[in-house]
Amino acid sequence: MEMTLRWYGPGYDKVSLEQIRQIPGVTGVVTSLMGKQPGEVWEKDEIRELKQIVEAQGLLVKGIESVNVSDEIKIGTEKRDEHIEKYITTLTYLGEAGIHMVCYNFMPVFDWTRTELARKRADGSTVLAYNQEIIDKIDPAHMRESMARMSEGYSMPGWEPERLDRLEELFEAYQDVDEEKLFANLVYFLEAIGPVCEKYGISMGIHPDDPAWPIFGLSRIITGKEQIVRLLKAVDKPYNGITLCTGSLGSNPENDIHEIIRAAAGRIPFAHIRNLRYNQKGDFEEAAHLSADGSMDMYQIVKTLYQTGFTGIIRPDHGRMIWGEQAMPGYGLYDRALGAAYLNGLWEAIEKGCAAHS
Ligand code: DNO
């Protein structure tokens, strides 16, 4: 496993590479060109510059999170082939730059969704939280203002102003995109990018839908084990893999993360590990990574990854805001650094424990 941190790139991230490289065991970042719109080509020199900035601080670009897939591709409009061609060009340039892991998602309109970005916990820390009752009261096509207000001026992935400006039009365009159509469009996309992925040894890791059920009447197709297995079989090639996001899949307590890891073993190029606390049905909040702070057993999850031969890239996922830090919700330095240290500790203990018993 290779421990990384997500870094949003120059001008977008308050956390610096100098800080990241001081976290023990973190040798690289997963990063992105945040200014790029889905459907735009990432140019060679832009990728080169990003790499150089990271490498100048003694870190490596271990993968990209994310090269976003345009709604045209997800919906299957007449522009999709043109957008796929551009995606292929981007993958070509990434491959030429020696980047071999790309995370993406296939969620309609929104990326991950939360109803609160700073819910206060008893210890004074704040966390991202989700409440289904609040979601059910929202008219999604007109939520631009409230989303912009919630993101507190941060440019958050999946909540980009360009996307929020098109909400009404997008909802209209997705009206006929049921789960089967969305799935077929995903398979079409994956088959089209197959040759370039195989040529450059790029693993694609689809991020699960977050939360792991349909919201706002939009289809969602990467929500649990059955759907993941279906996708892995539909395009049964090593390049078609998943991002194992425990917090997203775990938003549905019925998802058994261990079963998912076992079912997808060998096809998990990337893992996002974080813990959640379930309150009542439909309400959850994010927790510290430590098992005891949330509802998930991090030791068992890391152990299952270890036992199934996971060799991919890993990162601590959303952190709490602690110690007065002001940063993009979920993506401050302190709690993610604690998360990385904890996950490294779990991994070392499991690895040495297994070696001692063999
Ligand atoms: C949320 C992230 C997601 C993820 C995308 C991948 O914090 O995990 O935004 O990066 O869904 O495309």
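Below, the structure is looked at part by part. Every chain is numbered independently, its residues counted from 1 as its sequence is written. Only residues with pLDDT of 70 or above have their local features reported here, since the model is predicted, and side-chain atom pairs are shown and tallied only from 80 upward, although totals for entire chains, interfaces and linings are computed over all residues. For side-chain calculations, the full set of non-hydrogen atoms in the structure is used, while hydrogens and water are omitted.

## So, helix H4 (residues 80-96)
Piece 1. Helix numbers and strand numbers start at the N terminus; a helix is a DSSP run of H or I with at least 4 residues, a strand a run of E with at least 2. An expected span of 1.5 Å times one less than the residue number is assigned to each helix. When the terminal C-alpha atoms of H4 are compared, their 24 Å separation across 17 residues agrees well with the 24 Å that a helix rising 1.5 Å per residue should span.
Piece 2. Throughout this description, buried means an accessible area under 20% of the type-specific maximum (1.4 Å probe, protein chains only), exposed means over 50%, and partly exposed covers the range between. Looking only at H4, the buried set comprises Arg80, His83, Ile84, Tyr87, Ile88, Thr90, Leu91, Thr92, Leu94 and Gly95.
Piece 3. Residues of H4 that are buried make contact with helix H2 (44-55), strand S3 (60-65), helix H3 (71-75), strand S4 (101-105), helix H9 (179-200) and strand S7 (203-207).
Piece 4. Two residues or fewer after H4 comes Gly98, characterised by a positive phi angle close to 80°. Contacts were defined at the residue level, with two residues in contact if any of their heavy atoms lie within 4.5 Å.

## What to know about the site of the ligand
Piece 1. We define proximity as follows: a residue is near a molecule or strand when any one of its heavy atoms falls within 4 Å of that partner. In the neighbourhood of the ligand, 14 residues make up the surrounding shell, with Glu65, Ser66, Asp111, His318 and Tyr331 lying closest.
Piece 2. Within the contact set of the ligand, an oxygen atom lies 3.0 Å away from a side-chain nitrogen or oxygen of Asn105.
Piece 3. We define a polar contact as two N or O atoms separated by no more than 3.5 Å, with the added condition that, inside protein, one atom must be a possible hydrogen donor and the other a possible acceptor, whereas residues neighbouring each other in sequence contribute only through side-chain atom pairs. One of the side-chain nitrogen or oxygen atoms of His207 is found 3.1 Å away from an oxygen atom of the ligand.
Piece 4. For the ligand, whose free accessible area comes to 330 Å², the fraction covered by protein is 100%.
Piece 5. Cavities and pockets were defined on a 1 Å grid built from protein atoms only: a cavity is a group of points that admits a 1.4 Å probe but offers it no way out, a pocket is an open group of points flanked by protein on both sides within 12 Å along at least five of seven lines, and a lining residue is one with an atom within 4 Å of any such point. Should more than half of a molecule's atoms lie within 2 Å of a pocket's or cavity's grid points, that molecule is taken to sit in it. Under a 2 Å grid-point criterion requiring more than half of the atoms, the pocket assigned to the ligand is the largest pocket.
Piece 6. Among the elements that take part in the shell around the ligand, S4 stands out by supplying 3 residues, more than any other.
Piece 7. Residue type decides the class: Asp, Glu, Lys and Arg count as charged, Ala, Val, Leu, Ile, Met, Phe, Trp, Tyr, Cys and Pro as nonpolar, and the leftover types, Gly among them, as polar. Residue composition of the shell around the ligand, by class: 5 nonpolar, 5 polar and 4 charged. In short, Shrake-Rupley with a 1.4 Å probe defines the accessible areas, and a residue's cover is counted only from the protein chains shown.

## Some remarks on the layout of surface pockets
Gaps left between atoms show up when a probe the size of a water molecule is rolled over them.
Piece 1. When its volume is computed, the largest pocket comes out at roughly 630 Å³.
Piece 2. Around the largest pocket, the lining is made up of 46 residues, and of these Lys36, Pro38, Asn68, Glu160 and Arg163 lie nearest the centre.
Piece 3. Secondary-structure elements contributing two or more residues to the lining of the largest pocket are H3, H4, S4 and helix H7 (161-165).
Piece 4. By residue number, the principal contributor to the lining of the largest pocket is H4, which donates 4 residues.
Piece 5. For the lining of the largest pocket, the class distribution of residues is 14 nonpolar, 15 polar and 17 charged. Grid points are joined across faces, edges and corners, and a volume is the space filled by probe spheres set on the points.

## Observations concerning the pairing of S7
Piece 1. Counting buried positions along S7 yields 4 of 5 residues, so the element is predominantly enclosed.
Piece 2. Two strands qualify as a pair provided DSSP detects at least 2 bridges between them. Sheet analysis places S4 next to S7, joined by 5 bridges and oriented parallel. Each residue of the ladder has a partner; that of Tyr104, found in S7, is Ile206.
Piece 3. By convention, orient the strands away from the viewer: a clockwise path from the first strand over the helix to the second makes the crossover right-handed. What joins S7 to strand S8 (residues 240-245) is helix H10 (residues 225-234), and the crossover it makes is right-handed.

## Comments concerning the environment of Gln280
Piece 1. With respect to the helices and strands, Gln280 occurs in the loop between strand S10 (276-278) and strand S11 (283-286).
Piece 2. By relative accessible area, Gln280 is classed as exposed at 52%.
Piece 3. Taking the C-alpha atoms as reference points, Gln280 and Ser295, 15 residues apart in sequence, are found 12 Å from one another.

## Focus on unusual backbone geometry
Piece 1. That bond from Glu65 to Ser66 is cis: its omega, 5°, falls within 30 degrees of zero.
Piece 2. Considering the arrangement of structural elements, one finds Ser66 in the loop between S3 and H3.
Piece 3. The omega angle of the peptide bond from Asp210 to Pro211 is 0°, so this bond is cis rather than trans.
Piece 4. At Val109, a residue that is not glycine, the phi angle is positive and equals roughly 60°.
Piece 5. Topologically, Val109 is positioned in the loop between S4 and strand S5 (116-120).
Piece 6. Although it is not a glycine, Trp323 sits at a positive phi angle of roughly 55°.
Piece 7. Topologically, Trp323 is positioned in the loop between strand S12 (313-316) and helix H14 (334-357).

## A closer look at the pattern of salt bridges
Piece 1. For this analysis, a salt bridge means a side-chain nitrogen from Lys or Arg found within 4 Å of a carboxyl oxygen belonging to Asp or Glu. Applying the stated criterion to the full structure yields 27 salt bridges.
Piece 2. Between Glu2 and Lys62 there is a salt bridge, and its shortest N-O distance comes to 2.5 Å. You can see Glu2 sitting in strand S1 (residues 2-6) and its partner Lys62 sitting in strand S3, a full 60 residues away along the chain.
Piece 3. Owing to a relative accessible area of 16%, Lys62 belongs among the buried residues under this scheme.
Piece 4. Measuring nitrogen to oxygen at the nearest pair gives 2.8 Å for the salt bridge that ties Arg320 to Asp335. Placement of the pair is Arg320 in the loop between S12 and H14 and Asp335 in helix H14, with a sequence separation of 15 residues. This pair shows no difference in class: Arg320 is buried, exactly as Asp335 is.

## Here's the deal with the packing of H10 against helix H12 (residues 257-264)
Piece 1. Inter-axis angles, ranging from 0 to 180 degrees, are taken between N-to-C directions of lines fitted to C-alpha atoms, where helices are fitted over the stretch in contact. One way to put it is that H10 packs onto H12 with a least axis distance of 10 Å and a crossing angle of 10°. By the angle between their axes, H10 is roughly parallel relative to H12. Listed contacts from H12 to Lys225, Ile228, Val229 and Leu232 of H10 are Glu259, Ile260, Ala263 and Ala264.
Piece 2. Here the contact of H10 with H12 is composed, by residue class, of 6 nonpolar, no polar and 2 charged. Every angle not falling under 35 degrees, over 145, or within 65 to 115 is termed oblique; those three ranges are roughly parallel, roughly antiparallel and roughly perpendicular.

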